[in-house]
Amino acid sequence: MKVYNFSAGPSILPKTVFEQAANAVLDFKGKGLSILEISHRSDDFDEILQDARQRVKALMQLNNDYEVLFLQGGASSQFMMIPFNILPIDGTAGIINTGTWSTKAIKEANILGKAEVVASSKDKGFNYIPKNWQLTDGLSYLHLTTNNTIYGSQFFETPVVNIPLVGDMSSDIFSRPWPFNKYDLIYAGAQKNLGPAGATIVAVKKELLGKTKRNIPSMLDYQKHIKGRSSFNTPPVFAIYVCWLTLQWIEAQGGLTALGNKNEAKAKLLYDEIDRNSLFDAYVQPGDRSIMNVTFTVTDESKEADFVNFCSDKNIVGIKGHRSVGGFRASIYNAMNLEGVTVLVEAMQAFEKQA
Ligand code: PMP
């Protein structure tokens, strides 16, 4: 049965990746062992782990000033791990607040030290990306969320600042060409464009580390993980394996330029229909609309559940909006192809006709 999965994460992954992962669960590399039972210290897995780190670095076009880690604890753990590692004891983190995830980053930074909201789009329900803001002096770094998974807004430009820049790229990692090297620290939970839940990638510029004068618990210390070549403790072997497969799929698609073009075309198709169809309204203002998470509402709220059911009859799943926004959210990550988006657009048109 063909199901069109628009879930926000965990989410759709390439079918070939599912197949390769399934095979490796049964028999990894023809060795008669499952990927689930091999040692994380085995040569076979270490090769994959080190290759995956290298592939992330290559896709981001980062030089050897950076290290890439596969960690656990989700992107949410990075909200505290980042201040632990790069916020000096008496320092202040600057954070651009564009939604739920940056709000959490602010909360966690404030637990450990101080956070200052540099700019916010809270005044309009986070339906835009703040612009024309100024940095106050003395901030230790600036944190932003490049793509706001819940509200559906996205940065299309990277701010130019003279302090270290930190990007939460959980929901738009590897969806388009991006100036990764303008960031000093990048992190992303894997469970959207990269793999299953359970692995989080971090790319960090080494010169940033070791300067806070904090005592950092070992598991939260990037330097410990770097020294351990991302195997300081048992890493999430299977999740990393699936990320490794997906990284190769990304390259086989033609890399970030090809994926970026494809993702733009998918998003345009969907936003054009939302703007045309009298039953629906886009949530985010033009210019700031995410090409990964397309959020929209229905003009007649009483029809909201009807549309979800209408879609479900057509095997379109995962489009119910996040509880904090309502309406709908179609997540159109890398592995969703234009055909899937076309099926959704046709459902929107058919719903309009029968309304
Ligand atoms: N940041 C962003 C942008 C997210 O979309 C999410 C979750 N989807 C998180 C952080 C938190 O990730 P996790 O659930 O892996 O902790």
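Residues numbered from 1 in each chain as written. Predicted model: local features only at pLDDT ≥ 70, side-chain atom pairs only at ≥ 80, totals over all residues. Heavy atoms only, no water.

## Regarding the sheet that holds strand 12 (residues 293-298)
As summarised here, the arrangement of the 3 strands in space is 11-12-14, forming an open sheet in which the pairing is antiparallel. Both outer strands of the open sheet, strand 11 (280-282) and strand 14 (328-331), are each paired with one neighbouring strand and no more. The sheet shows a mean angle of 35 degrees between the axes of neighbouring strands, taken without regard to direction. Across the sheet, helix 7 (residues 255-276) lies against strand 11, strand 12 and strand 14, angled at about 15 degrees from strand 12, the strand it touches most. Lying over the sheet, helix 8 (residues 304-313) contacts strand 11, strand 12 and strand 14, oriented at roughly 30 degrees with respect to strand 14. (Pairing = 2+ DSSP bridges. Helix = DSSP H or I, 4+ residues; strand = E, 2+ residues; numbered from the N terminus. Axes fitted to C-alpha atoms, helices over the stretch in contact; angles between N-to-C directions. Contact = heavy atoms within 4.5 Å.)

## Quick notes on the side chain of threonine 92
Assignment of secondary structure puts threonine 92 in strand 3 (residues 92-97). By relative accessible area, which is 13% here, threonine 92 ends up buried. (Buried < 20%, exposed > 50% of the residue type's maximum accessible area, 1.4 Å probe, protein only.)

## Digging into the nonpolar core
In terms of nonpolar packing, the biggest core is built from 54 residues, with Met60, Phe70, Ile173, Phe174 and Phe180 touching the most fellow members. For this core, the element with the highest residue contribution is helix 6 (residues 237-252), accounting for 11 residues. Apart from the residues within four sequence positions on either side, phenylalanine 180 is in contact with Leu59, Met60, Leu62, Tyr66, Met169, Ile173, Phe174, Ile186 and Leu256. Counting 33 residues, the second-largest nonpolar core is a separate cluster that includes Ile12, Ala267, Ala335 and Met336. (Core = buried A, V, L, I, M, F, W, Y, C linked by side-chain atoms within 4.5 Å.)

## Some details on the site of the ligand
If you check the shell around the ligand, you find Gly74, Ala75, Ser76, Phe79, Trp101, Thr145, Asn147, Thr149, Asp168, Ser170, Gln191 and Lys192 and nothing else. Taking alanine 75, its main chain carries an N or O atom lying 3.1 Å from an oxygen atom of the ligand. Contact between the ligand and lysine 192: a nitrogen atom at 2.7 Å from a side-chain N or O atom of the residue. Protein burial of the ligand: of its 390 Å² of free accessible surface, 86% is covered by the chains. Considering each element in turn, the shell around the ligand owes the most residues, 4 residues, to helix 3 (residues 74-86). Here the shell around the ligand is built from residues that sort into 3 nonpolar, 7 polar and 2 charged. (Near = heavy atom within 4 Å. Polar contact = N/O pair within 3.5 Å; in protein donor to acceptor, adjacent residues only side chain to side chain. Areas by Shrake-Rupley, 256 points an atom, 1.4 Å probe, with all protein chains shown as cover. Nonpolar A, V, L, I, M, F, W, Y, C, P; charged D, E, K, R; others polar.)

## Structural notes on the pattern of salt bridges
Where charged atoms of side chains with opposite charge meet at close range, the side chains can pair. This structure, assessed with the given rule, holds 17 salt bridges. The residue aspartate 272 makes a salt bridge to lysine 268 at a minimum N-O spacing of 2.6 Å. With a gap of 4 residues between them, aspartate 272 and lysine 268 both fall in helix 7, about one helical turn apart. Residue class for aspartate 272 comes out partly exposed when judged on its relative accessible area of 38%. According to the relative accessible area criterion, lysine 268 is exposed, its value standing at 52%. (Salt bridge = Lys/Arg side-chain N within 4 Å of Asp/Glu carboxyl O.)

## As for a nonpolar patch on the surface
On the surface, Met1, Val3 and Val317 cluster together into a nonpolar patch covering about 310 Å² of accessible area. When you line up the elements, methionine 1 lands in the segment before strand 1 (4-5). (Patch = residues over 30% accessible without salt bridge, like charges linked within 9 Å, V, L, I, M, F, W, Y side chains within 5 Å.)

## Let's talk about the layout of surface pockets
Taken as a whole, the largest pocket spans an internal volume of roughly 400 Å³. As for the largest pocket, its lining consists of 19 residues, of which Lys2, Ile12, Leu13, Lys15 and Ala335 are closest to the centre. Looking at the lining of the largest pocket, the elements with two or more residues in it are strand 1 and helix 1 (15-26). Here the lining of the largest pocket takes 4 residues from helix 1, the largest share from any one element. (1 Å grid on protein atoms, 1.4 Å probe; cavity = no way out; pocket = protein on both sides within 12 Å on 5 of 7 lines; lining within 4 Å. Points joined across faces, edges and corners; volume = space filled by probe spheres on them.)

## A closer look at the packing of helix 1 against helix 6
Helix 6 packs onto helix 1 with a crossing angle of 140 degrees between their chain directions and a minimal axis gap of 10 Å. In the crossing of helix 1 with helix 6, the sense of the turn from one axis to the other is right-handed. Every residue of helix 6 that contacts helix 1 at Thr16, Val17, Gln20, Ala21, Ala24 and Val25 is listed here: Phe238, Tyr241, Val242, Leu245, Thr246 and Trp249. Classifying every residue of the contact of helix 1 with helix 6 by side-chain character gives 9 nonpolar, 3 polar and no charged. (Left-handed = near helix turned anticlockwise from the far one by under 90°.)

## Details of the confidence of the model for the chain
On average, residues of the chain score 97 in pLDDT, and 100% of them reach the 70 mark or higher. Across the chain, the element-wise mean pLDDT spans from 96 in helix 8 up to 99 in strand 9 (residues 185-189). (pLDDT = per-residue confidence, 0-100.)

## Focus: empty space enclosed by the protein
A complete count under the given rule lists 4 cavities of 30 Å³ or more for this structure. Empty space within the largest cavity amounts to approximately 60 Å³. Around the largest cavity, the lining residues are Phe70, Leu71, Gln72, Met219, His225, Ser230, Ser231, Phe232, Asn233, Pro235 and Pro236. The residue makeup of the lining of the largest cavity, split by class, is 6 nonpolar, 5 polar and no charged.

## Details of the sheet that holds strand 2 (residues 66-71)
Strand order in the open sheet formed by 7 strands is 2-10-9-8-5-3-4, with mixed pairing between adjacent strands. Of all the strands in the sheet, the pair left with one neighbour each is strand 2 and strand 4 (114-120). The sheet shows a mean angle of 20 degrees between the axes of neighbouring strands, taken without regard to direction. Inspection of the sheet shows strand 2 paired to strand 10 (residues 200-205) by 6 bridges, in the antiparallel sense. Residue pairing across strands places leucine 71 opposite threonine 200, the latter belonging to strand 10. Against the sheet, helix 2 (residues 43-59) contacts strand 2 and strand 10, and its axis sits at roughly 125 degrees relative to strand 2.

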